[in-house]
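The lines below spell out each chain.
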Amino acid sequence: MGRPLAGDCDRRHSSRPTMIAADKISKWYGPVQVLREVTLHVAKGEVVVVCGPSGSGKSTVLRCINRLETVQQGRIVVDGIEVTGPSPDINRLRAEIGIVFQAFNLYPHMTVLRNIMLAPLLVRKQTSRAAEENARALLLKVGIPEKAEAYPSQLSGGQQQRVAIARALAMQPKLMLFDEPTSALDPEMISEVLDVISALAADGMTMLVVTHEMGFARKVADRVIFMSEGTIVEEAPPEAFFGNPQMPRTKAFLSKILSH
Amino acid sequence: MSYQPHWDIIYQYRHLLLEGLQETVRLVLAAMPASLLLGLLVAAGRSFLRGPWSVLSKFCVAYVEFFRNIPPIVQFFFWGFAVGLGVFPAALVALSVSSSAYIAEIVRAGIASIPRTQAEAARSSGMSEWQAIVHVILPQAMIRVIPPLSIEFINIIKNSSVAMTIGLAELTFQTQEIEARSFRGFEAATAVTVLYVLLASVVVGLMHVAERLVRLDVRKG
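The rules behind the values
- Residues numbered from 1 in each chain as written.
- Chains lettered and ligands numbered in written order.
- Predicted model: local features only at pLDDT ≥ 70, side-chain atom pairs only at ≥ 80, totals over all residues.
- Heavy atoms only, no water.
- Helix = DSSP H or I, 4+ residues; strand = E, 2+ residues; numbered from the N terminus.
- Rg over C-alpha atoms; globule rule 2.2 N^0.38 Å.
- Buried < 20%, exposed > 50% of the residue type's maximum accessible area, 1.4 Å probe, protein only.
- Pairing = 2+ DSSP bridges.
- Axes fitted to C-alpha atoms, helices over the stretch in contact; angles between N-to-C directions.
- Contact = heavy atoms within 4.5 Å.
- Polar contact = N/O pair within 3.5 Å; in protein donor to acceptor, adjacent residues only side chain to side chain.
- Core = buried A, V, L, I, M, F, W, Y, C linked by side-chain atoms within 4.5 Å.
- Parallel < 35°, antiparallel > 145°, perpendicular 65-115°, else oblique.
- Left-handed = near helix turned anticlockwise from the far one by under 90°.
- Nonpolar A, V, L, I, M, F, W, Y, C, P; charged D, E, K, R; others polar.

S.K.: Please clarify how the overall build of chain A should be interpreted in this entry.
M.R.: Broken down by element type, chain A carries ten helices and ten strands. The C-alpha radius of gyration of chain A comes to 18 Å, within 12% of the 18 Å expected for a compact globule of 260 residues. Principal axes of the C-alpha set define a box for chain A whose edges measure 55 × 45 × 40 Å. In chain A, which comprises 260 residues, the proportion classed as buried is 57%.

Given below as structure tokens:
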């Protein structure tokens, strides 16, 4: 079957509107090219997993979508708004995109509750009461309601990441980006975070997840993308991707990552 | 024949010491928040201004270099004699401005020590640059720089003594007053020294309390 072209994906998902349309994006850090004409589309409600060796550009693609990084060539459109335009209303765009980082990046000087409440208070101009209610509900959803008054440093890694997920969800985004959400966690805590992410996916959230967790990808992803050296090497639904990888680089990567 | 200190001089001239203490405390109490505010503005200007505003950023660099390289006494003379402000206003401006240059560098280092990922997390949720600075970056930066700030606050106490050169009747000035009237300079200087140490201890104590209050959350766990 080989790598389906972007056109094939559109045909398959033409019933669903496109949430992310990244077309031929290229990026250089000085002389080094980290993204080579990458084209990636994510439909509304789709869960797309991106995997690949370090340096493949997978995190960079993610960060370009909410303009934490900029691209030198190509076009990115999120829910109809052009990210790569000359002057997008970047704050308004980012309010609709939730992102969860590998290192959690919680605000250490605030309680867990305040971490979650801050953006809705400042950006959505919610009242304090509404923001707090919302935050407590989200903490319950991620399984740690009792930690509301704790500070991030008092939490385990898995708990911190779940707070980070709650914080991203507090803005009620249309799209969630996950940048290796479990890579910094001890193995025992990985499943508690993956459970939360899987539940989110089941609720219909559009998600782009960069991860090495292949078990998770197999269960939850609608599509798995393998990137290497700045390009998409292979892209397929999980059964095809894991069951019958086409490209030699994909096979090599999978054999290394699935062997332990 | 060794010197016999007459400590009762201190009691005898206590009104002069009290006046001096009052002037010093007035000056220091006004200069601390003023220099902190100025220093914070300059540090923020240097750390955050970009694009069309970067001219102001360069101005902040010049401000720091200028006012921290000129000795305090020269700055006091400038505001007192060259500009011609009243004694207390000149002392306040000189003290605040000269200390603000050091505080600006301290705060700038604090801001720079906050990982970029904090700003990324804040901006990624839709917060404006201003909101990210005010709610996420600056609070963390200020918590971090409490120890070096306390050093600079003690310097403010020490530099306040230079105000006597432009006529402020603060503590050090009173040493000379008492000496002139009683020839008991040693006792007067000892009393004044103790008072300065007490003032500094109050500042240090308050900073420790402040640190323990705000860092409790950071240090726990």
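Moving on, there is more to tell.
S.K.: Looking at this model, I keep getting lost on the pairing of strand E1 (residues 18-29) of chain A. Mind explaining?
M.R.: Side-chain positions along a regular strand alternate between the two faces of the sheet. Residue and element names in this part refer to chain A. As paired elements, E1 and strand E2 (residues 32-43) share eight bridges and run antiparallel to each other. Considered in E2, the bridge of Ile25 is made with Val38. Where E1 hands over to E2, the hairpin turn is made up of two residues, of which Gly30 adopts a positive phi near 65°. As defined by bridge partners, E1 adjoins strand E4 (residues 73-78) across five bridges and the pair is classed as antiparallel. The partner of Asp23 across the bridge, within E4, is Arg75.

S.K.: Quick question: what am I supposed to make of the sheet that holds strand E6 (residues 97-100) of chain A here?
M.R.: Residue and element names in this part refer to chain A. Taking strand neighbours across the sheet as the criterion, the six strands line up as E6-E7-E8-E3-E9-E10 in an open arrangement whose pairing is mixed. The sheet is open, and its two edges are formed by E6 and strand E10 (231-236), each paired on a single side. Each strand of the sheet is rotated relative to its neighbour by a mean of 15°, with strand direction disregarded. Across five bridges, strand E7 (residues 175-179) lies against strand E8 (residues 206-210) in parallel orientation. The partner of Met176 across the bridge, within E8, is Met207. Sitting on the sheet, helix H2 (residues 58-65) is in contact with strand E3 (47-51), E6, E7, E8 and strand E9 (223-228), with an inclination near 150° to E7. Lying on the sheet, helix H10 (residues 248-258) is in contact with E3, E9 and E10; it crosses E9 at an angle near 100°.

S.K.: So what exactly am I meant to see when it comes to the side chain of Gln131(B) here?
M.R.: By the secondary structure assignment, Gln131(B) is in helix H7 (residues 129-144). Within the local environment of Gln131(B), its side chain forms a polar contact with the backbone oxygen of Leu122(A), the two atoms lying 3.2 Å apart. If sequence neighbours within four positions are ignored, Gln131(B) has contacts with Leu122(A), Val123(A), Lys125(A) and Val136(B).

S.K.: Could you clarify how one ought to interpret the nonpolar core in this entry?
M.R.: Looking at soluble globular proteins, one finds that nonpolar side chains tend to be buried together. All names here are of chain A. Among the nonpolar cores identified, the biggest contains 97 residues, and Ile65, Leu177 and Leu208 are the most heavily contacted of them. Leu208 has contacts with Ile20, Leu40, Val42, Val48, Val50, Leu62, Ile65, Met176, Leu177 and Phe178, leaving out every residue within four places of it along the chain. Listed in part, the 54 residues of the second largest apolar core include Leu113, Leu138, Phe178 and Leu200.

S.K.: Explain the packing of helix H2 (residues 14-48) of chain B against helix H3 (residues 54-69) of chain B to me, please; I cannot follow it from the model alone.
M.R.: In helix packing, the relevant descriptors are the interaxial angle and the interaxial distance, both defined with respect to the helix axes. Residue and element names in this part refer to chain B. Between H2 and H3, whose axes approach to 8 Å, the crossing angle comes to 135°. It follows from the interaxial angle that H2 and H3 lie oblique. Classified by chirality, the crossing of H3 by H2 is left-handed. Every residue of H3 that contacts H2 at Leu38, Val42, Gly45 and Arg46 is listed here: Ser57, Cys60, Val61, Tyr63 and Val64. Residues belonging to the contact of H2 with H3 are distributed by class as follows: six nonpolar, two polar and one charged.

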